[in-house]
Amino acid sequence: MSSADTVLLDRPGVSLSARLLRSELRLVFGRRRNQVLLVVLALVPVLVGVAIRVSSAEVEPGEGPPFIDRVSGNGLFLAFTALAAVVPFLLPLAVGVVAGDAVAGEAQAGTLRYLLTVPVSRTRVLVVKYGALVVFGAAASFLVAAVGLGLGAALFPTGDVTLLSGTTVSETSAIGRALLVAAYVSVSLAGLSAIGLAVSAFTEVPVAAMATTVVLAITSQILDAVPQLDWLHPYLFSHHWLAFGDLVRDPVPTGTLVDGLQLQAAWIAVALAVAWSRFTTKDVTS
Amino acid sequence: MTAPVLQVEAPRSAPDVDAAVRTTGLTKRFRGGQVAVDALDLVVPRGSVTGFLGPNGSGKTTTIRMLLGLVVPTSGQVELLGEPVPRASASVLPRVGALVEGPAFHPYLSGRANLVRLDAADRTVDRRTSSARIDTALDRVGLQAAAGKRFRTYSLGMKQRLGLAAALLRPRDLFILDEPTNGLDPQGTREVRTLVRELAADGCTVLVSSHLLGEIEQVCDRVVVMRAGRAVTSGTLEELALLARPSVVVETPALDAALSVLRRLGATAATADADGLRVRADLPDVAVEDVTRALVHADVPVRGIGRSGRSLEELFVELTGEGFDVVG
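None of these values were measured; they are calculated from a predicted model. (Residues numbered from 1 in each chain as written. Chains lettered and ligands numbered in written order. Predicted model: local features only at pLDDT ≥ 70, side-chain atom pairs only at ≥ 80, totals over all residues. Heavy atoms only, no water.)

1. Topic: the overall build of chain A
Then comes step 1: Across its full length, chain A holds ten helices and two strands.
Then comes step 2: In terms of overall dimensions, chain A is globule-like: its C-alpha atoms have a radius of gyration of 21 Å, near the 19 Å expected for 286 residues.
Then comes step 3: Taken along its principal axes, the extent of the C-alpha atoms in chain A is 75 × 45 × 30 Å.
Then comes step 4: Across the 286 residues in chain A, those meeting the buried criterion constitute 49%.
Then comes step 5: A separation of at least 24 residues holds for 77% of the contacts in chain A among residues at least 6 apart in sequence.
Then comes step 6: As displayed, chain A offers around 12000 Å² of accessible surface, 68% of which is attributable to carbon and sulfur atoms.
Then comes step 7: Each charge sign in chain A was given a centre, from 17 positive and 18 negative side chains, and these centres are 14 Å apart. (Helix = DSSP H or I, 4+ residues; strand = E, 2+ residues; numbered from the N terminus. Rg over C-alpha atoms; globule rule 2.2 N^0.38 Å. Buried < 20%, exposed > 50% of the residue type's maximum accessible area, 1.4 Å probe, protein only. Contact = heavy atoms within 4.5 Å. Areas by Shrake-Rupley, 256 points an atom, 1.4 Å probe, with all protein chains shown as cover. Lys, Arg positive; Asp, Glu negative; His and termini not counted. Charge placed at Lys NZ, Arg CZ, Asp CG, Glu CD.)

See the structure below:
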């Protein structure tokens, strides 16, 4: 019959399939739960911005989330404050939910067996799933930054921005720095996504994978706060999560930022290797 | 109970048969030691509609999962359409339409959106024809009207139909359908039978599993009966019917002599049971006493003779064991 000619188009192995990735993105972003997570994240700069606007309380530097004392002086700082507020918990929660669901959710629903018998190679399933997770993490970070910038500009004065280092840069440069911060946060979340994907490949219970991923993110930060464990700190995946503050200095001290990016690259490599070795050998019995 | 092993044909797969599915010594031992499939030699000849029968827990679904590369065999080989699985999965599975252990789709997507996703996953199809192929598949299973509804609102029968539509998304050479009539009302069951007949008429091979003989008896030309991970019988439905029809059973140590007498009397089919002590012949119009006389005349030692009659269903139960006989 008919299929012999079409089979020739097939190239086994890992070539990224744009069509399947688009389908995966529609799945992730079309899901009501994930949309709610994004809305909750977008509400953070709104809450912080409105709270600062309506309150007359003086905030001392060092109180509250980083940069919050500067927002009333320059609205663009709302983006930095909001990102600093969501990085420790809300963003890892959102990414943990979506990443933990990635493989385990399809396994539990049984859709995994139909995807694999299409066939989609298991490596390709992981590549596409991970690609969608990275996009989701980036979308979440940039959403918070964009709402922060927009609302900050609407509620507070803007203009040239005085950085932490005392130097003043243009508004455009400040917006550029906010976007760089979002990009740095996206890379941090790409690391957590890889870990969540690996966890997800080990179970058919998505809730367990989500909870494990979020617990790992929190545990990593707790360990990072214990001075007696300082030998361990450089290896914790959350260690440089807040290093993006350096992007608000001039000139930008790149040392810690580069350390952070390298740390994420290492975690991504290890976690994806674990996910791959597990997922490509396991029996799909769900 | 211990079922007699009624061997209609040698289970060792004759290598010359052009097989759409062939397994050799296929075995799956799960962690914990449970043997789900035990040295199974399964042959589904090309162009046949083969029923894969057995009670729940007899290893049918695990076998099907191994055929499709979802479960890695502990030992043994699988060939689909002449190519080894899972090594050649990428090239052979697009030619195989499958329903595995019930339909499973994303609950919050519509039926159509689910098909779009599966089609997007297939790198071997032309995306420009995607929408037309999806429409054809939906029409073929009668689901076009409900295609826009979320999968979670579907009845079990509609879910089953969507599963069949997914198998029909593109032309296939082989269909592996695990319990396709499960959850369907009599009307739906009839429609599935019609569909299977159409697929067979198109030249496709169909392997269709069921725990109910009656569900698939009418569409199959061959059956394989599973019990506790092994194939206890395989053959054409006629061969199986011979075992079930009222037939003369002669207990004798001289099998060949008895067979030739029975054939002379007009038996269209006569076989020896696997235990080598009995022959069975299809002689509806000859009285048992006449058969006895003919055997004695031919000096065939007769230890016992009688008629046996069983329905196919009774035979099936005899082969697979009574219910609640879970082998764990």
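2. Here's the deal with the sheet that holds strand E15 (residues 304-308) of chain B
Residue and element names in this part refer to chain B.
Then comes step 1: Spatially, four strands are ordered E13-E14-E12-E15 in an open sheet, and the strand pairing comes out antiparallel. The sheet is open, and its two borders are formed by strand E13 (270-272) and E15, each paired with just one other strand. For this sheet, the mean angle separating the axes of adjacent strands, direction not counted, is 20°.
Then comes step 2: Summarising the sheet, strand E12 (residues 247-251) and strand E14 (residues 278-281) pair through four bridges and their orientation is antiparallel. By the bridge assignment for E14, Val-249 is matched with Arg-280.
Then comes step 3: Running over the sheet, helix H9 (residues 255-264) touches E12, E13 and E14 and is turned about 15° from E14.
Then comes step 4: In the packing of helix H10 (residues 288-297) onto the sheet, the strands contacted are E12 and E15, and the crossing angle to E15 comes to about 145°. (Pairing = 2+ DSSP bridges. Axes fitted to C-alpha atoms, helices over the stretch in contact; angles between N-to-C directions.)

3. Describing the interface of chain B and chain A
How big an interface is tends to be expressed through the accessible area that disappears when the partners come together.
Then comes step 1: The partner chain A presents 41 residues to the 43 residues of chain B that form the contact.
Then comes step 2: Counting the surface lost from both chain B and chain A, the interface buries some 3600 Å², and carbon and sulfur atoms represent 54% of this.
Then comes step 3: Its largest share of buried area at the contact with chain A, chain B owes to Leu70(B), Arg117(B) and Arg123(B), together 23% of the area lost on that side.
Then comes step 4: Across the chain B-chain A interface, the total number found is four salt bridges.
Then comes step 5: When the shortest N-O distance is used, the salt bridge between Lys28(B) and Asp283(A) registers 2.6 Å.
Then comes step 6: Looking at the side of chain B that touches chain A, the elements with two or more residues in it are helix H2 (89-92), strand E7 (96-99) and helix H3 (111-121) of chain B.
Then comes step 7: When residues of the side of chain B that touches chain A are assigned to their parent elements, the largest contribution, five residues, is made by H3(B).
Then comes step 8: Its residues assigned to classes, the side of chain B that touches chain A comprises 22 nonpolar, seven polar and 14 charged. (Buried area = accessible area lost by both parts, 1.4 Å probe. Salt bridge = Lys/Arg side-chain N within 4 Å of Asp/Glu carboxyl O. Nonpolar A, V, L, I, M, F, W, Y, C, P; charged D, E, K, R; others polar.)

4. Points about the domain arrangement of chain B
Then comes step 1: By domain assignment, chain B separates into domain 1 (19-239) and domain 2 (245-316).
Then comes step 2: Each of domain 1 of chain B and domain 2 of chain B was reduced to a C-alpha centroid, and the two centroids are 39 Å apart. (Domains from an automatic or database assignment.)

5. A short note on the packing of helix H8 (residues 171-200) of chain A against helix H10 (residues 255-279) of chain A
Residues and elements named next belong to chain A.
Then comes step 1: At their nearest, the axes of H8 and H10 sit 8 Å apart, and the two run at 20° to each other. As summarised for this structure, H8 and H10 are arranged roughly parallel, according to the angle between their axes. Once H8 is placed against H10, the crossing between them reads as left-handed. Where H8 abuts H10, its residues Tyr-184, Val-187, Ser-188, Ala-190, Gly-191, Ala-194, Ile-195, Leu-197 and Ala-198 lie against Leu-257, Gly-260, Leu-261, Gln-264, Trp-267, Ile-268, Ala-271, Leu-272, Val-274 and Ala-275.
Then comes step 2: Looking at the contact of H8 with H10 residue by residue, the class counts come to 15 nonpolar, four polar and no charged. (Parallel < 35°, antiparallel > 145°, perpendicular 65-115°, else oblique. Left-handed = near helix turned anticlockwise from the far one by under 90°.)

6. A closer look at helix H6 (residues 186-201) of chain B
All names here are of chain B.
Then comes step 1: The end-to-end C-alpha separation of H6 is 22 Å, in line with the 22 Å expected for 16 residues at 1.5 Å each.
Then comes step 2: Those residues of H6 that fall on the buried side of the exposure criterion are Gly-188, Thr-189, Val-192, Arg-193, Leu-195, Val-196 and Leu-199. All buried residues of H6 lie within an arc of 160° about the axis, which places them on one face of the element. Opposite its buried face, H6 presents the exposed residues Pro-186 and Ala-201, each directed more than 90 degrees away.
Then comes step 3: Immediately downstream of H6, the backbone of Gly-203 shows phi near 95°, a positive value. (Expected span 1.5 Å × (residues − 1). Arc of directions from axis to C-beta.)

7. Observations regarding the confidence of the model for chain B
Then comes step 1: Mean pLDDT over chain B: 86, with 90% of residues reaching 70 or higher.
Then comes step 2: Every residue in residues 1-13 of chain B is under pLDDT 50, and counting partners more than four places away or in other chains gives 35 contacts. (pLDDT = per-residue confidence, 0-100.)

8. Focus on empty space enclosed by the protein
Then comes step 1: For the structure on display, the rule yields five cavities of 30 Å³ or more.
Then comes step 2: Tyr114(A), Thr117(A), Val118(A), Ala166(B) and Arg172(B) are, among the 16 residues lining the largest cavity, the residues nearest its centre.
Then comes step 3: Residue assignment for the lining of the largest cavity shows that the elements contributing at least two residues are E7, H3 and helix H5 (156-167) of chain B.
Then comes step 4: Take the lining of the largest cavity: its biggest share by element is three residues, from E7(B).
Then comes step 5: Taken as a whole, the second largest cavity holds about 60 Å³ of empty space.
Then comes step 6: Across the lining of the second largest cavity, the residue classes break down as five nonpolar, three polar and two charged. (1 Å grid on protein atoms, 1.4 Å probe; cavity = no way out; pocket = protein on both sides within 12 Å on 5 of 7 lines; lining within 4 Å. Points joined across faces, edges and corners; volume = space filled by probe spheres on them.)

9. So, the sheet that holds E7(B)
Residues and elements named next belong to chain B.
Then comes step 1: Ordered by their spatial adjacency, six strands build an open sheet running E7-E8-E9-E4-E10-E11, and the pairing between neighbours is mixed. Two strands lie at the open edges of the sheet, namely E7 and strand E11 (230-236), each paired on one side alone. Between one strand axis and the next, the sheet turns through 15° on average, direction left out of account.
Then comes step 2: Together, strand E4 (49-53), strand E10 (222-227) and E11 form the strand contacts of helix H11 (residues 312-320), whose direction differs from that of E10 by roughly 40°.

10. Quick word on the nonpolar core
Then comes step 1: Residues Phe244(A), Leu68(B), Leu80(B) and Ile176(B) are the most contacted members of the largest nonpolar core, which totals 156 residues.
Then comes step 2: Counting residues per element, this core draws most heavily on H8(A), at 13 residues.
Then comes step 3: Both domain 1 (19-239) and domain 2 (245-316) of chain B contribute no fewer than three residues apiece to this core.
Then comes step 4: In this structure, Phe244(A) is in contact with Phe67(A), Phe80(A), Leu83(A), Ala84(A), Val87(A), Val181(A), Tyr184(A), Val185(A) and Leu257(A), ignoring residues within four places of it in sequence.
Then comes step 5: Leu262(B), Ala281(B), Leu283(B) and Ala294(B) belong to the second largest nonpolar core, which has 17 residues in total. (Core = buried A, V, L, I, M, F, W, Y, C linked by side-chain atoms within 4.5 Å.)

11. Some details on the packing of aromatic side chains
Then comes step 1: Throughout the structure, instances matching the rule amount to nine aromatic pairs over all chains.
Then comes step 2: Between Phe29(A) and Phe136(A) the ring centres are 5.7 Å apart and the planes differ by 50°, which places this aromatic pair in the tilted class. Separated by 107 residues along the polypeptide, Phe29(A) in helix H2 (residues 18-30) and Phe136(A) in helix H7 (residues 122-155) bring together distant segments of the chain.
Then comes step 3: Accessibility expressed as a relative area gives 1% for Phe136(A), which makes it buried.
Then comes step 4: Each ring, one from Tyr114(A) and one from Phe105(B), has its centre 6.1 Å from the other, and the planes form 5°; the classification is stacked. Separated into two different chains, Tyr114(A) in helix H6 (residues 111-116) and Phe105(B) in the loop between E7 and H3 make up a pair that spans both. Comparing Tyr114(A) with Phe105(B), the two get one shared label, buried.
Then comes step 5: In textbook terms, an aromatic cluster arises when at least three aromatic residues are bridged by ring pairs, as seen for Tyr114(A), Phe105(B), Phe151(B) and Tyr154(B). (Phe/Tyr/Trp six-rings, centres within 6.5 Å; stacked < 30°, edge-to-face > 60°.)

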